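Listed below are the residues making up each chain.
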Amino acid sequence: MDRNAGPTVHEPLVRGPERWTARVVRAGRWESPVGFVVGLAILSCGALATGSCVLGLVTDGRDVSQFAILGVLWCLVGAGLAHQCRVPLRFRSTTAFVGVFAAWTAVIVVSITTYEFLGTFAHWDDSVFESVAGFTTTATTVVENPEAMSRSTLFWRAGTQWVGGLGALLFVVAVLPSIGVGGLDVTDAGQRYSGTSLRSRRTLLQLRRLTLLYISLTAAGIALYLIGGMGPFDAITYAATTISTGGFANHAGSFGHFRSTTVEWAGFGGMVLGGANLALVVRALRPGGRGPLWRSFELRAYLLVIFGGGAAVTLLTESPDEVTHEAIRRSLFHVASAASTTGHFVGGWGDWEVGGQMLLLAIIGVGAMSGSAGGGFRLVRALTLVGYLRRELVLQLHPRAVSPVRVGRRIVSDALVSRMIGYQAQYLIVAATGAIAVAAFGGELVTAMSAAISAIANFGPALGDLVPGSGGILQLPRPARAALLPLMFLGRLEIAPVLVGAALAASEITRRAANLRERVQDRMAAD
Amino acid sequence: MSVLAPFAVRRQVASASLHIAGLSVLAVAGASASGLVVELVYRDDQWRALAASTVGLGILGILAWRTTSLPPNAGGPRGAVRAVGVAWISISLAAAVPFVVADVLPWDLALFESVSGLTGTGSTVLAPIEGNTHGILFYRQMTQWVGGMGVVVLAVAVLPFLGVGGLQLFRAESPGPTADQLVPRVSDTARRLWGVYCALTALATLVLLATGLSLYDAVSHAATGVGTGGFSPYNDSISHFDSATVEVGIMVAMALGAVKFPLFYAAFRGRDLGAFWRSSEFRFLVWVVVASTAFVTVLNWRDGMTPSAALRDSSFNVVSLISSCGFGTADFTRWVPATQIVLLFLMVTGSMAGSTSGALKLFRVQVVAKHAWREVRRVRHPSGVFPLRLGREPVPEDIVRSVLGYVMFYFLIAVAGFVVLATLGADVATSVGSVITAMGGVGPGLGDAGPAANFLVFDFAQRSVLIVLMLVGRLEIFPLLLFLLPVGPSLVRRLDRVSVRGRLRGPAGSTGGAARARR
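The sections below set out a description of the structure shown in this document. Note that the structure is a prediction, hence the values are computed from the model and not measured. (Residues numbered from 1 in each chain as written. Chains lettered and ligands numbered in written order. Predicted model: local features only at pLDDT ≥ 70, side-chain atom pairs only at ≥ 80, totals over all residues. Heavy atoms only, no water.)

### A word on the overall build of chain A
Note the threshold: Each helix corresponds to a stretch of at least 4 residues labelled H or I by DSSP, and each strand to a stretch of at least 2 residues labelled E; elements are numbered beginning at the N terminus. Remark: exposure states derive from per-residue accessible area (1.4 Å probe, protein chains only) relative to the maximum for the residue type, with buried under 20%, exposed over 50%, and partly exposed in between. Contact definition: two residues touch when any of their heavy atoms are within 4.5 Å. Under the convention used here, a 1.4 Å probe and the Shrake-Rupley method define accessible areas, while residue burial counts only the protein chains that appear.
Counting its secondary structure elements, chain A contains 18 helices and 4 strands. Expressed as a percentage of its 527 residues, the buried residues of chain A come to 59%. For chain A, the share of sequence-separated contacts (at least 6 apart) that also reach a separation of at least 24 residues comes to 74%. When the accessible surface of chain A is totalled, it reaches about 20,200 Å², and 64% of it is carbon and sulfur.

### A word on the overall build of chain B
Helix and strand counts for chain B come out as 22 helices and 4 strands. Taken across its 519 residues, chain B has 60% of its residues classed as buried. Accessible surface, chain B: about 20,300 Å² in total, of which carbon and sulfur atoms supply 65%.

### Side note on the environment of B:P233
Residues and elements named next belong to chain B. When you line up the elements, P233 lands in the loop between α9 (215-226) and α10 (244-258). A relative accessible area of 2% means that P233 is categorised as buried. Residues P233 and S220 lie 13 residues apart in sequence; the distance between their C-alpha atoms is 7.7 Å.

### So, unusual backbone geometry
With an omega of -10 degrees, the peptide bond running from B:A127 to B:P128 counts as cis. Tracing the backbone shows B:P128 in the loop between α4 (107-118) and α5 (134-149).

### Some details on the pattern of salt bridges
Worth spelling out the cut-off: For salt bridges, the criterion is a side-chain nitrogen of Lys or Arg within 4 Å of an Asp or Glu carboxyl oxygen.
Summed over all chains, the structure comprises 25 salt bridges over all chains. The salt bridge involving A:R478 is made with A:D125; its shortest N-O contact spans 2.7 Å. Here A:D125 lies in helix α5 (residues 124-135) and A:R478 lies in helix α17 (residues 478-492), a separation of 353 residues in the sequence. The class of A:D125 is partly exposed, set by a relative accessible area of 22%. One salt bridge in this structure joins B:R334 and B:D331, with 3.3 Å as the shortest N-O distance. The exposure class assigned to B:R334 is exposed, which follows from its relative accessible area of 68%. One network of salt bridges, with partners in common, ties together A:D125, A:D126, A:R478 and A:R481.

### Brief notes about the nonpolar core
Applied cut-off: For this analysis, a nonpolar core means a set of buried residues of the types Ala, Val, Leu, Ile, Met, Phe, Trp, Tyr and Cys, connected via side-chain atoms within 4.5 Å.
With 306 residues, the main nonpolar core has A:Y302, A:L484, B:W88 and B:V152 as its most contacted residues. What A:L484 contacts, discounting residues up to four positions off in sequence, is A:V438, A:A451, A:A452, A:A455, A:I473 and A:L476. One finds A:L166, A:Y214, A:L217 and A:V282 within the second-largest nonpolar core, a separate group that totals 12 residues.

### Quick word on a nonpolar patch on the surface
Spelled out, the test is: The residues that make up patches have over 30% relative accessible area and no salt bridge, and they are joined within 9 Å when like-charged or within 5 Å when they are Val, Leu, Ile, Met, Phe, Trp or Tyr.
Taken together, the side chains of A:V54, A:L57 and A:V58 define a hydrophobic patch exposed on the protein surface, amounting to about 310 Å² of accessible area. With respect to the helices and strands, the residue A:V58 is situated in helix α2 (residues 33-58).

### So, the side chain of B:E281
Residues and elements named next belong to chain B. Quick reminder of the rule: This count recognises Lys and Arg as positive and Asp and Glu as negative, with His and chain-terminal groups excluded. Any pair of nitrogen or oxygen atoms within 3.5 Å is treated as a polar contact; in protein, a donor-acceptor pairing is required on top of that, and neighbouring residues in sequence qualify only through side-chain atoms on both sides.
Counting through the fold element by element, E281 comes out in helix α13 (residues 280-302). Despite its burial, E281 pairs with no opposite charge, the nearest such side chain being K260 at 4.4 Å. Among the polar contacts made by the side chain of E281, one reaches the main-chain amide nitrogen of A353 at a distance of 2.7 Å. For E281, the residues in contact, after removing those within four places along its chain, are K260, S351, M352, A353, L362, F363 and Q366.

### Comments concerning the packing of aromatic side chains
Any aromatic ring pair is given by two values, namely how distant the centres are and how the planes are angled relative to each other. All names here are of chain B. Where we set the bar: In this scheme Phe, Tyr and Trp rings, the latter by its six-membered ring, pair at centre separations within 6.5 Å, and the angle between planes marks the pair as stacked below 30 degrees, edge-to-face above 60, and tilted otherwise.
Applying the stated criterion across every chain, the model contains 35 aromatic pairs over all chains. Seen in terms of ring centroids, W194 and Y197 are 5.3 Å apart; in terms of plane orientation they differ by 80 degrees. Their pairing is edge-to-face. Taken together, the residues span about one helical turn, with W194 and Y197 both in helix α8 (residues 186-210) at a distance of 3 residues. Considered together, W194 and Y197 belong to a single accessibility category, that of buried residues. Cluster of aromatic residues (ring-pair linked, three or more members): W145, W194, Y197, F261, F264, F276, W277 and F282.

### With respect to the environment of B:Y42
With respect to the helices and strands, B:Y42 occurs in the loop between α1 (16-41) and α2 (47-66). C-alpha separation for the pair B:Y42 and B:G135, spaced 93 residues apart in sequence, amounts to 8.0 Å.

### Some points on the packing of α1(B) against helix α6 (residues 151-158) of chain B
Residues and elements named next belong to chain B. Put simply, the test is: Structural elements are reduced to axes, namely lines fitted to C-alpha atoms, with helices fitted over the stretch in contact, and the angle between N-to-C directions of any two is expressed from 0 to 180 degrees. Oblique is the label for any angle not covered by the other classes, which are roughly parallel (under 35 degrees), roughly antiparallel (over 145) and roughly perpendicular (65 to 115). Classification convention: Asp, Glu, Lys, Arg as charged; Ala, Val, Leu, Ile, Met, Phe, Trp, Tyr, Cys, Pro as nonpolar; all other residues, Gly among them, as polar.
Between α1 and α6, whose axes approach to 9 Å, the crossing angle comes to 105 degrees. When the axes of α1 and α6 are compared, the pair comes out roughly perpendicular. Contacts between α1 and α6 involve I20, L23, S24 and A27 from the first element and V151, V152, L154, A155 and V158 from the second. Classifying every residue of the contact of α1 with α6 gives 8 nonpolar, 1 polar and no charged.

### So, helix α12 (residues 325-339) of chain A
Three- or four-residue spacings in an α-helix give side chains the same orientation, since the helix completes a turn every 3.6 residues. Residue and element names in this part refer to chain A. What counts here: The span you would expect from a helix comes to 1.5 Å times its residue count less one.
If you check α12, its first and last C-alpha atoms are 21 Å apart, about what 15 residues at 1.5 Å a residue would give, namely 21 Å. Among the 15 residues of α12, 11 are classified as buried, and the element is accordingly described as predominantly covered. Those residues of α12 that sit buried are A327, R329, S331, L332, F333, H334, V335, A336, S337, A338 and A339. Buried residues along α12 sit against α9 (261-274), α11 (297-317) and α13 (354-366). Trailing α12 by a residue or two, T341 shows a phi angle of about 50 degrees, which is positive.

Distances and angles like these do not, on their own, reveal function.
See below:
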């Protein structure tokens, strides 16, 4: 039988390391996939805090005891919760959304608690902002001078982005397509609509492969940065925030701090990798897969955006006879940062011509490839919409023509196209609302509009007051900053799953609360 | 047609484009003639220029019209689309003639002014406006009136019989995703629409007379108010009058132009004012106007205006921008940024489909918003069936499809416009505001191109981009796109070839990936 064919095929999980997985997944006392996922998420935070503690011990020794306490605490809470919960063989697709929503909320709460426990920020809302920006892999930071922070805190801060990026990657590649949402399964690596088989062997295998690939890519990034000339600590943290397309930096000047050509090229390479479709890479590495990498239309488009965009920005910013290697490198760096929605910068684009800035903003809005940790509208959707517009042109002249929508040579079904357009509309509506909100709380016109686009694309810096190196988000009033948080959250989790997840979680909580009240009342009546 | 007997020419070329273009140029000649009449009444000194342009354009129009004949069905959909494109390019050139002949503007500025007029945009490069004679200014107002309802619709109204081609011509020009047939015959529909338009303009003139304007002012502003153009013969636009009563009168005129004309017809025919409220789009319009007025008023009030002044300026500008008219009473580029963003979105949405207003039209906004929501619901119920309804009426899926495609085209062209205009040297706010205002046919933009500014702030290249955008927005993209792109047919052949090649190559269907993966 073809393993990949049926939408609801569940083979027993019995082979190799899966036996262990199967035992863990089925062991718990309560049947709650949501609890299990939340437990795992908190456990990963615990591992991260432990890592921070160890790193602090071997470096500057600050904040070590706090992180030791937190590491033990989060590990216990997370492992305990995951251990107590059991994942049933089948559950509704919407349960997955509740799980994703709850997991992200949980890690953000964990991170806020951590920052508050450490006393990193003077105001609690700064902790909230830094946590949300971290786990949504957005590069907006309220830290004015990262150099002054302790090493362990910097590691934690970069780690939130790394965990957020991994979560987003797994969410986009494994969860979304398996329930046919958002239309991302059009990618070369995507699966077919497969009902609610989240626990199918195939999905689990893919999750594992992606996680391993993500880890090895990060290792590659660390090696790249070490060769480029960074110190080991910087190499680790910068690699974590680059491969996750997060963009937090240990220095206020981001990559500009190093003043090194090789480091900048290494950063460019890392960001291009971070925004690339990892599922595609998995497929290419699989035995027998004859490298569909180069045949991928999306990958070609991605490289075209980066190099074409870089060339355009260079020409827009410098007059043709004054183009220097440095100008080309800076342009490529920033365009790669925009196309992968990372947010690292070298000097920034404040002194660019306006045309170059607008182009950069457009690239940010389109965003990274599908199947990556990057954000934005995502390239494959944009390409599909171009195909849709081509068909619209044909239909204008041949109203009865039958003309499929294509991405490269692949035909995209009308149902998927409809989802993508729906997503585009949601994206625009959310961004527009966000822009009005930011402006209403005191942002300038250009700042507000570009900040909304940048936040929903999980990029970070923007135009106006938010060009890198101008003091950044701290110039906005606190309510305006807060208005960006929902944009980051919605953008990271592709809008509709968050809304559905939040609504279901709310109704579930209300239902349980009502049950509880009834039970209490019954007992009181019995007494 | 016996009146036209003297103009009959024996040998005729079958060309829908030239035929329609000739008729359209005659409409511009008519506008020029009305300017001539005003000029003569006021005994100003530009009457020779106006008379010369009237006669010249008239001869040109009659020549193009009478030496050609309509091919059967007006050349099919492609021919209709091309005819509308040709017609609009020729009237843009024709309407610039009086300005050039009267030596008011050099040819490139005259072209900007004429396109801005005909497309109902209302961005002006006349500086100062008031230095010109009454006739020239009145002609300028009338270009907006003629362009408001559409010259091709006018041509369809006077042409005897067009068959299916007439509907396609009508569709290609009339604003909105669907062209509602009031009566079975297209030319009768076009005639009734023009009838409604004239009646509304007359009504607006009466209202404005009642607010105390002179006949000249009342007609001028009624024409550009109902036509939602936004030209005014005064430098300060509506603030020239400095009167709340006049502003209310102008708001009435703009509101008349913002409502779907078939609704007026239905209400008049059925003696039933409920026809308005039964339209979901109308209710949405009212809702949007009330909500954004409230929001803008509150923000302006908190910014230091007195409540009454805030309400007066906010409501006027909201109505002026959502109807894509663009009359000005206040410089909203000085208001707080949040109000400007709201106003910018009003410039994008526009008013009801089937009115003279420009931009996306609320019908499309509703469809897009409802589609976005139904895709959220589909996440909750992946196998659900969600018909898209406006009010109680389900919207057919092919209309939804074309609306979504149109909105995306609009969005894409706007983004391209932002980048191009910024590249040519405008700052961010200015390029965003002026592209949106040009595509929506509104008039004032943001930044340097606000209500108090003149579009002379843009250089030649930027103005040329804006001219194209105004035409693209007014003709709802496709006629001009198919006309401008390396001529429709060859493009389509290329498009078709691509799809044929693709079909021959790969296995069809979205399962192709899995098939290839297994291979």
